[in-house]
Amino acid sequence: MNAKFTRGFGRASQVSTLLERRLRRETTGEVLFDAASRGRYATDASIYQVMPVGVLVPKHSGDIVTAIDIARDLEVPILSRGGGTSQCGQTVGAALVIDNSKYFRQLLEVDVASRTACVQPGIVLDHLNAQLKQHGLWFPVDVSTSAQATLGGMAGNNSCGSRSLAYGNMVHNVLGATAWLSDSSRVEFGPVAAASPRAKHIADFVRALAERHRGAIEANWPKVLRRVGGYNLDIFHNQSDRPYTSDGSVNLAHLLIGSEGTLACTESLTLQLAPLPQTRVLGIVNFPTFRAAMEAAQHIVGLRPTAVELVDRIMIEMSLGNPAFRPIMQRALIGAPAAILLVEFSAAERSDLRPRLKELTALMGDLGLPGSVVEIADATPQKDLWEVRKAGLNIMMSLKGDGKPVSFIEDCAVPLQHLAEYTDELTEVFARHGTHGTWYAHASVGTLHVRPILDMRRDGLAGGAAKMRAIAEEASTLVRKFRGAYSGEHGDGLCRGEWIEWQFGAAINAAFRAIKQHLDPIGLFSPGRIIDPPKMDSGSLFRFAPPSAPVPYRVNPLEPVLDWSAWNVQNDPVTEKLTAPGSGGDVTGGFAKAIEMCNNNGHCRKFDVGTMCPSYRVTRDERHLTRGRANTLRLALSGQLGRDALTSQDMYDTLDLCVGCKGCKRECPTGVDMARMKVEFLAHYKARHGYTLKDRLVGGLPDYTAKASGVPWLLNLRDTLPGAAWLSEKLVGFSSRRSLPRWRSDTFWRAFDRALFDGAEKTLNAAASRGKAAVLFVDTFNGTFESENALAAARVLKAAGYTLHTITKRRGHYCCGRTYLSSGMVPQARTKALELVEALLPFARARVAVVGLEPSCLLTLRDEALVLGLGEAAEAVSKQALLFEEFVAGEVKAGRFAAKFNPVDAPILLHGHCHQKAFGAVDPILDVLRLIPGAQPELIESSCCGMAGTFGYEAGHYDISMQMAEVSLLPAVRKVPNAIVVADGTSCRHQIRDGAQREALHVARLLERQLAVTPA
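Below is a summary of the structure that appears in this document.

Conventions used here
- Residues numbered from 1 in each chain as written.
- Predicted model: local features only at pLDDT ≥ 70, side-chain atom pairs only at ≥ 80, totals over all residues.
- Heavy atoms only, no water.
- Helix = DSSP H or I, 4+ residues; strand = E, 2+ residues; numbered from the N terminus.
- Rg over C-alpha atoms; globule rule 2.2 N^0.38 Å.
- Buried < 20%, exposed > 50% of the residue type's maximum accessible area, 1.4 Å probe, protein only.
- Pairing = 2+ DSSP bridges.
- Phe/Tyr/Trp six-rings, centres within 6.5 Å; stacked < 30°, edge-to-face > 60°.
- Axes fitted to C-alpha atoms, helices over the stretch in contact; angles between N-to-C directions.
- Parallel < 35°, antiparallel > 145°, perpendicular 65-115°, else oblique.
- Left-handed = near helix turned anticlockwise from the far one by under 90°.
- Contact = heavy atoms within 4.5 Å.
- Salt bridge = Lys/Arg side-chain N within 4 Å of Asp/Glu carboxyl O.
- Core = buried A, V, L, I, M, F, W, Y, C linked by side-chain atoms within 4.5 Å.
- Arc of directions from axis to C-beta.
- Polar contact = N/O pair within 3.5 Å; in protein donor to acceptor, adjacent residues only side chain to side chain.
- Patch = residues over 30% accessible without salt bridge, like charges linked within 9 Å, V, L, I, M, F, W, Y side chains within 5 Å.
- Areas by Shrake-Rupley, 256 points an atom, 1.4 Å probe, with all protein chains shown as cover.
- Nonpolar A, V, L, I, M, F, W, Y, C, P; charged D, E, K, R; others polar.

A look at the overall build of the chain
Right, on to step 1. Check the secondary structure of the chain and you find 44 helices and 26 strands.
Right, on to step 2. At 30 Å, the chain has a C-alpha radius of gyration in line with the 31 Å of a compact globule built from 1016 residues.
Right, on to step 3. Its C-alpha atoms give the chain principal-axis dimensions of about 95 × 70 × 60 Å.
Right, on to step 4. Put simply, the chain has 1016 residues, and 62% of those count as buried.

Here it is, written out as structure tokens:
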């Protein structure tokens, strides 16, 4: 950091207070200076953590200019940030962080004829390409984090992407940039030939430096496409495999690309677009050995593919172990290969691509590998497989235990002819240091990402920092041996900054310093990056600082209410085998280690298909993000937010908008289950602060429904009697703008239809004789408020020939405990779940399917019930627990389902419940709906409906609940007014009724309605 600012930080508290005060007074942006907010911006996807001075979320360019002026006056550095997904620590620092991703994210202009676009730096790549699609164009630097990477961050990093072989790096696709210097002057960086006086002055200075060091540049500059270290001093004398410009001209904007925000603060970028490929095909080459894949890469690129990407055996196995990725990966494999290469070809016409695949197949035959290519021509499976490849890093990071794959040499790039030898020798380096690495990524350009498993929490020779240093030294020797680049794609940041001088030499490093001094003489922007960087292994910078660090990372003891022992393990850095659950030494029983699984990759910032993260999709606040919540929990558990932070109001506010959708459980590549973590948090928070009336009403709902259904007219006055809704909002907190479920006297249990159900003994006997048998679990919601759903399910199953039983009891009904869990009442939930499990256990042991209707209730048996300490009984029941549609779909596939249905002539729209999505149970609904002749069900690509149990009923959540619904669900329903809408979640149906004035049906009711009557 510049000494001038270091002196300023001597009075840190005073400066911070003044900075916050002036930003609030002089800007319109969001100003975040509380400890939790700063903590959420203290990390990125690297191993580092540095607490910022404060955070500004600007609403327009004027806010940024004002912030630069204020920061300059107060001698506080500025650090620009986009998605915060950098892997080397570029977006963390003791500075004023400016987050461009919330508001400063517009597509300013598109020129279709010239194929150019002008964008603000906070726009996300996928969002840009979605807007460009209508013009048949795209921005082709398609990084794996495209769903969350901002263009500003990509420019600062000189990002590359899987298809750089065809399209080049970021620097090859940026035509211009407008940016502010540290004196707040606005400069347009573009072609030098048309430069403004200020820009020309900068260009002349850089040109003179380049000429002065031309010999050193030619001698020391890596001659590979993937080189992103230092500044692009070679723009006047290109050293890359690919020229910076197509006509040999010089563009000053390229000086900013890869500068990691150290030279200027970007206002806008002008991008070169490309025609959107009309057709693509994938050839998946299966290799018997890893080395064979490495040797083949140099030959495959001769076929002119658009991409050649590697996935090694370890990543293949990890993908097969992920429920979301398993079927996708299985399609690409022939046997059990040691590695696969994804080889993509693109063209304007599909007919042009088949010969390319034949060439690939023939080439592999020539290389001694006939029959090794799996051809994938359809767009959907191609997209799915690319998603698995894109998730490669995060799949690696899903390893449990303190040892994690660490990013510091994952970026080295070597010429293709040396790739096999380089990977062999680096693998030997890992083995010498008692670890190993998983290889993946860009085989086409000699940049293979690999991260050795290190425990950064440990000190001494066996500690992560010591091994990190030793491996880096040996890796650098190999890079020099093969004339490669030490920093090939992910930038320098904190982990590779110190290697810049090693790569380029003292003279060129001095030239880099001169460039920094010329453009930012006061050191305002991102100090300690590229120029005067810290040591990569400085323990004080680590997120999990070792015991020898000035402030070591320590977790405060906590007695959890749920079983987190599966995360309380350690791993072997060579075999990746885990120790027994509960043996990891976590003083919170595994809760902390589960939270620490979040590596800040930012996948939860996505807006595309899937559920995660519904609250962030509405607010765009880092706090309302799976990553933001996990970081806050980690900081609180480790005492970094002060005493009792875990049960503070700030923590409650952080988790308040978590709707418990479980989208992260399935979609987060490292498996962060924030819904379960919220249950754990609520239990501790409520133990300290007490339960509200609303908590008790919601949690205890199953216990008073029997009595309440005796006087439905009285309770229903809430929605009909003037003032009653207002009063319920004031006394309980239920929004007066929201209707409540209607009570009724004809509940499933009060109007029990004995003709539909068989006795327990008959059902067990049917199962024993391999007959068709099932147990229908009727939950509180379908049994009390929508009994027609339970009756419909029973009639459909009886029509299909099943012996059917349902569990009942003399007083009340059986319940999974879901309502208690949502209120943080874990002991009460445990009691309810145990009672249900014991009632179902005889059937589960007889392998009778337990069929449920409400996703959140039935799936509790497959999720939370397993961590309530209920033992083997819960495990046994969970294995038999199926949603109605899962059961029917499975029986159809087994040829056991006999019911027939009448045709339907209306369109069918399906909204999947969040928990159905989290457990992969949406496809079975589509399969079941297709049993109806003429049915062509269409899945609404929606996140959470916004109701999420009682969330949408609450006055404090009503507005955001409706915003969630309006993102995609309600517009989709309104768009097809004659459609049959299917939604299996009771809250989902309520939201659709309230928000679109449409009735949505449980799939069981639609099947019952369409049942074909068999003539007697």
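Structural notes on the pairing of strand S17 (residues 437–442)
Right, on to step 1. Summarising burial for S17: 6 of the 6 residues are buried, a large majority.
Right, on to step 2. As paired strands, S17 and strand S18 (residues 447–454) are joined by 6 bridges and run antiparallel to one another. Among the inter-strand pairings, Thr438 is bridged to a residue of S18, identified as Arg451.

Topic: the packing of aromatic side chains
Right, on to step 1. Under the definition given, this model contains 27 aromatic pairs.
Right, on to step 2. Both rings, one in Tyr486 and one in Trp502, keep their centres 5.7 Å apart while their planes meet at 65 degrees; by these two values the pair is edge-to-face. Placement of the pair is Tyr486 in the loop between helix H18 (464–481) and helix H19 (500–504) and Trp502 in helix H19, with a sequence separation of 16 residues.
Right, on to step 3. Judged by relative accessible area, which is 1%, Tyr486 ranks as buried.

Details of the packing of helix H8 (residues 197–212) against helix H20 (residues 506–519)
Relative orientation and spacing of two packed helices are given, respectively, by the angle between their axes and the distance between those axes.
Right, on to step 1. At their nearest, the axes of H8 and H20 sit 10 Å apart, and the two run at 165 degrees to each other. The pairing of H8 with H20 is recorded here as roughly antiparallel in orientation. Of the two elements, H8 crosses H20, and the hand of that crossing is right-handed. Residue-level inspection shows His201, Ile202, Phe205 and Leu209 of H8 in contact with H20, the latter providing Ala511, Ala514, Ile515, His518 and Leu519.

Observations concerning the pattern of salt bridges
Right, on to step 1. Under the defined criterion, the tally for this structure stands at 68 salt bridges.
Right, on to step 2. Note that Arg226 is salt-bridged to Glu489, the shortest N-O span being 3.0 Å. A residue pair is termed long-range when its members are at least 10 positions apart, and Arg226 in the loop between helix H9 (214–220) and helix H10 (253–256) and Glu489 in the loop between H18 and H19 qualify at 263 residues.
Right, on to step 3. What emerges from the salt-bridge pattern is a single network uniting Lys662, Lys665, Asp673, Arg676, Arg818, Asp863 and Glu864.

Quick word on the sheet that holds strand S19 (residues 773–777)
Right, on to step 1. Taken together, the 4 strands give an open sheet; going across it, the order is S20-S19-S21-S22, and neighbouring strands pair in parallel fashion. In this open sheet, the two edge strands, each paired with only one partner strand, are strand S20 (803–806) and strand S22 (881–883). Across the sheet, the mean angle from the axis of one strand to that of its neighbour is 35 degrees, orientation sign disregarded.
Right, on to step 2. Sheet analysis places S19 next to S20, joined by 4 bridges and oriented parallel. Across the sheet, the residue bridging to Ala773 is Thr803, located in S20.
Right, on to step 3. Against the sheet, helix H37 (residues 871–880) touches strand S21 (849–852) and S22, its axis set at about 35 degrees to S22.

Some remarks on the nonpolar core
Right, on to step 1. Judged by nonpolar contacts, the single largest core of 81 residues is most densely connected at Met674 and Met677.
Right, on to step 2. By residue number, the principal contributor to this core is helix H35 (residues 826–845), which donates 10 residues.
Right, on to step 3. Once residues lying within four places of it in the same chain are set aside, the contact partners of Met674 are Thr626, Arg629, Ala630, Leu633, Leu655, Cys658 and Cys664.
Right, on to step 4. Within the second largest apolar cluster, 63 residues are counted, among which are Cys88, Ala293, Cys412 and Met468.

Quick notes on helix H12 (residues 313–320)
Right, on to step 1. All buried positions along H12 are accounted for by Met315, Ile316, Met318 and Ser319. Down the axis of H12, the buried set is contained in an arc of 165 degrees. They therefore lie on one face.
Right, on to step 2. The residue sitting at the N-terminus of H12 and contributing the capping side-chain oxygen is Asp312; that oxygen lies 3.3 Å from the backbone nitrogen of Ile314.

Considerations on the pairing of S18
Within a regular strand, side chains alternate between the sheet's two faces.
Right, on to step 1. Along S18, 8 of the 8 residues are buried, which leaves the element largely enclosed by surrounding structure.
Right, on to step 2. Side chains of S18 alternate between two faces, with Thr447, His449, Arg451 and Ile453 and Leu448, Val450, Pro452 and Leu454 buried alike.
Right, on to step 3. With 2 bridges connecting them, strand S16 (residues 404–405) and S18 associate as antiparallel partners. Across the sheet, Lys404 pairs through a bridge with Leu454, a residue of S18.
Right, on to step 4. Here S17 folds back onto S18 in antiparallel fashion, the turn holding 4 residues, of which Gly446 has a positive phi close to 75 degrees.

Some words on the sheet that holds strand S9 (residues 186–189)
Right, on to step 1. Pairing is antiparallel in the open sheet, where 5 strands are placed in the order S5-S6-S10-S8-S9. At either margin of the open sheet sits one strand with a lone partner, and together these are strand S5 (107–111) and S9. Sheet twist, expressed as the average angle between the axes of neighbouring strands with direction ignored, equals 10 degrees.
Right, on to step 2. Note: strand S8 (residues 174–180) against strand S10 (residues 265–272), 6 bridges, orientation antiparallel. Across the sheet, residue Trp180 finds its bridge partner in S10, namely Cys265.
Right, on to step 3. Those strands touched by helix H4 (residues 61–74) are S8 and S10, and its axis lies near 55 degrees from that of S8.

Quick notes on the side chain of Ser968
Right, on to step 1. Position of Ser968 among the secondary structure elements: in the loop between helix H41 (958–967) and helix H42 (969–975).
Right, on to step 2. Contacts of Ser968, omitting those with residues within four sequence positions, involve Ile940, Glu941, Ser942 and Ser943.

Some words on a nonpolar patch on the surface
Right, on to step 1. Taken together, the side chains of Val711, Trp713, Leu714, Leu715, Leu717 and Leu721 define a hydrophobic patch exposed on the protein surface, amounting to about 540 Å² of accessible area.
Right, on to step 2. Its place among the elements puts Leu717 in the loop between helix H29 (712–715) and helix H30 (724–731).
Right, on to step 3. On the basis of relative accessible area, Leu717 is assigned to the partly exposed category, the value being 32%.

Some details on the packing of H35 against H37
Right, on to step 1. Where H35 meets H37, the axes come as close as 9 Å, and the angle between the chain directions of the two elements is 60 degrees. Classified by the angle their axes make, H35 and H37 are oblique. For the element pair H35 and H37, the recorded crossing hand is left-handed. Together, Val837, Leu840, Leu841, Ala844 and Arg845 of H35 and Glu872, Ala873, Ala874, Ala876, Val877 and Gln880 of H37 make up the contact between the two elements.
Right, on to step 2. Across the contact of H35 with H37, the residue classes break down as 8 nonpolar, 1 polar and 2 charged.

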